[in-house]
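Observations on the model geometry
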Amino acid sequence: MPESAAEVTAAGIARLAGVGRAAVSNWRRRHADFPKPVGGTETSPSFALADVEAWLRAQGKLAEVPLAERVWQQIAGHPAGAVTALVHAGCALLLVRDRAAAWPTLAAAPDARLAELLPVPLEETLTERFGAERSVHTPTARALAPSVPLLRGVADMAAGATPREVFDFLLGRHLDANPRQYTLTPPGPAALMAALAGPAATVLDPACGTGALLTATAAAPAPGGTAPAPTALYGQDADPDLAALTALRLALSTDTAVDVRVLSGDTLRADAFPALGADAVLCHPPFNERNWGHDELAYDSRWEYGFPARTESELAWVQHALARLRPGGTAVILMPPAAASRRSGRRIRADLLRRGALRAVVALPAGAAPPYGIPLHLWVLRRPVPGERPAAELLFVDTAHETAAGTATGTATGGRDRLDWTSVESAVLAAWRSFDRTGTLTATPGGSRAVPVIELLDDDVDLAPARHLPPPAAAEGAAQLTGVRERLTETLRRTRELTPPPAADSGSGALRWPATTVGELARAGALTLRAGGTGATPAGVAVPVPVLTDTDVLAGHAPSGALPEAPAGGPAEEPVLLAAGDVVVPVLGGGSVARVVDDATAGAALGRNVHLLRPDPAALDPWFLAGFLRATANNRQASSYASTATRLDVRRLQLPRLPLGEQRRYGERFRALAEFEEALRLAGRLGEQLVQGMYDGLADGSVAP
């Protein structure tokens, strides 16, 4: 095998063949001709991709593998690394798109000859698109040699989808496979930032990462219509690999009329565009950097509003963004909330206010963007126009109350997967566009307010929105609280009716039934066992498919997640969809919970760390099944323990062997207990809502004592 050949792990082989990893392990044991490991470790070996494909093809196991999956495995196992493979793929896709007539002739050459021929047309294509100074360098024939099968594959993919869709699919797959290596700006916040910046011909992202913000600018809506596409996109990133990937992503996302300039380098220390006057700057800078250049840049001309302290790297990025705007241009920067109130930054914040550069501070919900555990802020800035009077007011917007998919009682649960981003975006844009048009805004309690700058220029210059917004009306007033009280009273009455009768002694102690396990029942066909996964919204389905998560099962909530859209140009994993009568069991956390799916939940997809048991109604009653699965002793004996979590082995859970009629008798009792449990849960939520509403109403005067 050549040293430069691509390699693939056992998990990759399983994906290629469309089987589980256990099947791959079985093939290695049973087939003497299965390819031998060529790398990796003893516990995680890797195999030559070409040898594996040849073996699978000879065994008849490769015929149905999607092209996109084979191409992805070539990228993941590339000897020079996945990033290099993606760059090569992007270059080839750009060549296929911009010089479509040349590719068929090139592709007709043998692999070795194609590697020799490609550098010249690639150099011409890249120079024409990016210029001589660029972050995407033309690969040599030697570097291209192991990539030739990959390049043929992406060209074949581009025949059924656009080159942009192919590259977005492959790049997205790489980012998903390496989540800890990259700080990504999710599509929702990226689109919101682009919309806040408004129509812009020239856009800069000085910390562009994978290009999410620059890509979003082309689709940003403008008031009263659609924004024109930018004519020039500029980006810079300290990581040369990210700069190259972003340049290719932008080039494939735009036509040749759009000037794309993405360079690598430390933006604060070595600005690649010192003379640029952009219409808009969008930035998700690195947070809490101490080594940002404080000692070297003390006399830099960009610090027009004050020299940032060593601990205020974010304020250095703010001033860099303002320095690269034309007068009147807009910058939108994602900021940590501490930057709005740290004392070390108060003088710079004060000068930004006095001179009218800072126009709005928007508090996003926790989970909107990384780091997901804190509620980040958006700062909207505008470079002052010489001679114009500074703005008299600053806009504050707080979207915390807009963010979460509520429970049945309307209480917010929050979380990264439960953000109602449409509401967030609508609230922010409505407030900003009205304020930007008139210079002021009628206050919305708990939502938005325009505050006179003079009121903010105190000793702290604290710009956290929550500290300047009037609180929302308590539970919408006394009438709303009365409604909550009535629902609570009715629920308590229902709870009393559902309270189980006194437990009757069986008279013979604990019964010892003949037992079986879930695994045995699955093998016998009495039930079907499925594990939840990711999946994607099936093609042609316009409405996002809800996902029942393990948190939903534990809390008794309706499905709160949503399936992502199927990747463009790539294979979509089929989700596991729920049906009424299914039993769902979370496998992490060590709790004893099982839930029977009702008609309202049917049709949702099964989330991660949740197992589905679909009983054959002729053999098993679902309520009987769920009831016995919840037994504490049953869960204890079926649990395994890792260093940080308890995991339930669903196959080891036990059931008594009982006739179907006896099962249904137990099932009715278990169903009654479940109704009682749900009534108690609802009463608790309503009680908390009523108590907090009364506290808030008495405190703000909307409820009389």
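Residues numbered from 1 in each chain as written. Predicted model: local features only at pLDDT ≥ 70, side-chain atom pairs only at ≥ 80, totals over all residues. Heavy atoms only, no water.

Going by what an unreviewed UniProt entry lists, the protein chain is known as N-6 DNA methylase and is assigned to Streptomyces roseoviridis.

Moving on, we come to the overall build of the protein chain. Regarding its fold elements, the protein chain presents 24 helices and 25 strands. For the protein chain, the proportion of its 705 residues judged to be buried stands at 48%. The long-range fraction of contacts in the protein chain, counting pairs at least 24 apart against all pairs at least 6 apart in sequence, stands at 74%. As displayed, the protein chain has an accessible area near 33100 Å², and 53% of this comes from carbon and sulfur atoms. (Helix = DSSP H or I, 4+ residues; strand = E, 2+ residues; numbered from the N terminus. Buried < 20%, exposed > 50% of the residue type's maximum accessible area, 1.4 Å probe, protein only. Contact = heavy atoms within 4.5 Å. Areas by Shrake-Rupley, 256 points an atom, 1.4 Å probe, with all protein chains shown as cover.)

This paragraph deals with helix α16 (residues 346–354). Counting along an α-helix, one turn takes 3.6 residues, and residues three or four places apart therefore face a common direction. Where α16 is concerned, the buried positions are I348, R349, A350, D351, L352 and L353. Tucked inside the fold, the buried residues of α16 contact α15 (313–323), β11 (358–363), β12 (377–382), β13 (393–398) and α18 (453–456). Backbone geometry just downstream of α16 places G356 in the positive-phi region, at approximately 75°.

We now examine the environment of T601. Along the chain, T601 turns up in the loop between β20 (595–596) and β21 (605–606). When residues no more than four places from it in sequence are discounted, the contact partners of T601 are L548, P559, L578 and R595. Among the polar contacts made by the side chain of T601, one reaches the side chain of D598 at a distance of 2.9 Å. (Polar contact = N/O pair within 3.5 Å; in protein donor to acceptor, adjacent residues only side chain to side chain.)

With that out of the way, let us pick up the sheet that holds strand β22 (residues 610–615). Spatially, β16-β22-β19-β20 is the arrangement adopted by the 4 strands of the open sheet, whose pairing is antiparallel. A strand with exactly one partner marks an edge of an open sheet, and here the two such strands are β16 (527–531) and β20. Of the pairings in the sheet, the one linking β16 to β22 comprises 5 bridges and is antiparallel in character. Residue pairing for β22: A531 is matched across the bridge by H611. In this fold helix α22 (residues 622–629) packs onto β16, β19 (583–586), β20 and β22, with an angle of close to 15° to the strand it touches most, β19. (Pairing = 2+ DSSP bridges. Axes fitted to C-alpha atoms, helices over the stretch in contact; angles between N-to-C directions.)

The final tally for this structure, using the stated rule, is 11 aromatic pairs. Ring centres of F34 and W55 lie 4.8 Å apart, and the angle between their planes is 70°; on these two criteria the pair is classed as edge-to-face. Taken together, the residues span a long stretch of sequence, with F34 in the loop between α2 (21–30) and β2 (39–40) and W55 in helix α3 (residues 49–58) at a distance of 21 residues. For the pair F34 and W55, one class covers both residues: buried. Note on F628 and F670: the rings are 5.5 Å apart at their centroids and 85° apart in plane angle, and the pair reads as edge-to-face. (Phe/Tyr/Trp six-rings, centres within 6.5 Å; stacked < 30°, edge-to-face > 60°.)

Spatially, the 3 strands line up as an open sheet ordered β1-β3-β2, and their pairing is antiparallel. The open sheet terminates on both sides in strands that have one partner only, identified here as β1 (7–9) and β2. Examined bridge by bridge, β1 and strand β3 (residues 45–48) share 3 bridges and lie antiparallel to one another. When the sheet's bridge partners are listed, T9 is paired in β3 with S46. Of the strands in this sheet, β1 and β3 are in contact with α3, which crosses β3 at around 75°.

Where burial is concerned, most of helix α12 (residues 187–197) is hidden: 9 out of the 11 residues are buried. Taken residue by residue, α12 has G188, P189, A190, L192, M193, A194, A195, L196 and A197 as its buried positions. One or two positions beyond α12, positive phi appears at G198, with a value near 80°.

Attention now moves to the side chain of T125. One can find T125 in helix α8 (residues 119–130). Here the side chain of T125 touches R99 through a polar contact of 3.3 Å, side chain to side chain. If near-sequence neighbours (up to four positions away) are discounted, T125 is found in contact with L94, L95, D98 and R99.

In this model, P370 is joined to P371 through a cis peptide bond whose omega is -5°. On the secondary structure map, P371 appears in the loop between β11 and β12. Positive phi values are uncommon outside glycine, yet N288 reaches one of about 55°. Note on placement: N288 falls in the loop between β9 (278–283) and α15. Judged by its relative accessible area of 51%, N288 falls in the exposed class.

So, about the side chain of H284. Within the fold, H284 resides in the loop between β9 and α15. A polar contact of 2.8 Å, which involves the side chain of H284, links it to the side chain of T185. The contacts of H284, once residues within four sequence positions are left out, are T183, L184, T185, A207, L213, L334 and P370.

Looking now at the packing of α22 against helix α24 (residues 660–700). Remark: α22 packs on α24, axes separated minimally by 7 Å, with the N-to-C direction vectors making an angle of 65°. Comparing the axis directions of α22 and α24 gives the class roughly perpendicular. Our pair here, α22 against α24, has a crossing hand that is left-handed. Within the contact between the two elements, α22 uses W623, F624, G627 and F628 and α24 uses Q663, Y666, G667, F670, R671 and A674. Counted by class, the contact of α22 with α24 contains 6 nonpolar, 3 polar and 1 charged residues. (Parallel < 35°, antiparallel > 145°, perpendicular 65-115°, else oblique. Left-handed = near helix turned anticlockwise from the far one by under 90°. Nonpolar A, V, L, I, M, F, W, Y, C, P; charged D, E, K, R; others polar.)

Here we come to the pairing of β3. Consecutive side chains along a regular strand alternate between the two faces of the sheet. When β2 meets β3, the two strands line up antiparallel, connected through 2 bridges. Its bridge partner being in β3, G39 is matched across the sheet by S46.

The tally for this structure, following the rule as stated, stands at 0 disulfides. Between C208, a cysteine without a disulfide, and C283, which holds the nearest cysteine sulfur, the sulfur-to-sulfur distance is 9.5 Å. (Disulfide = S-S within 2.5 Å.)

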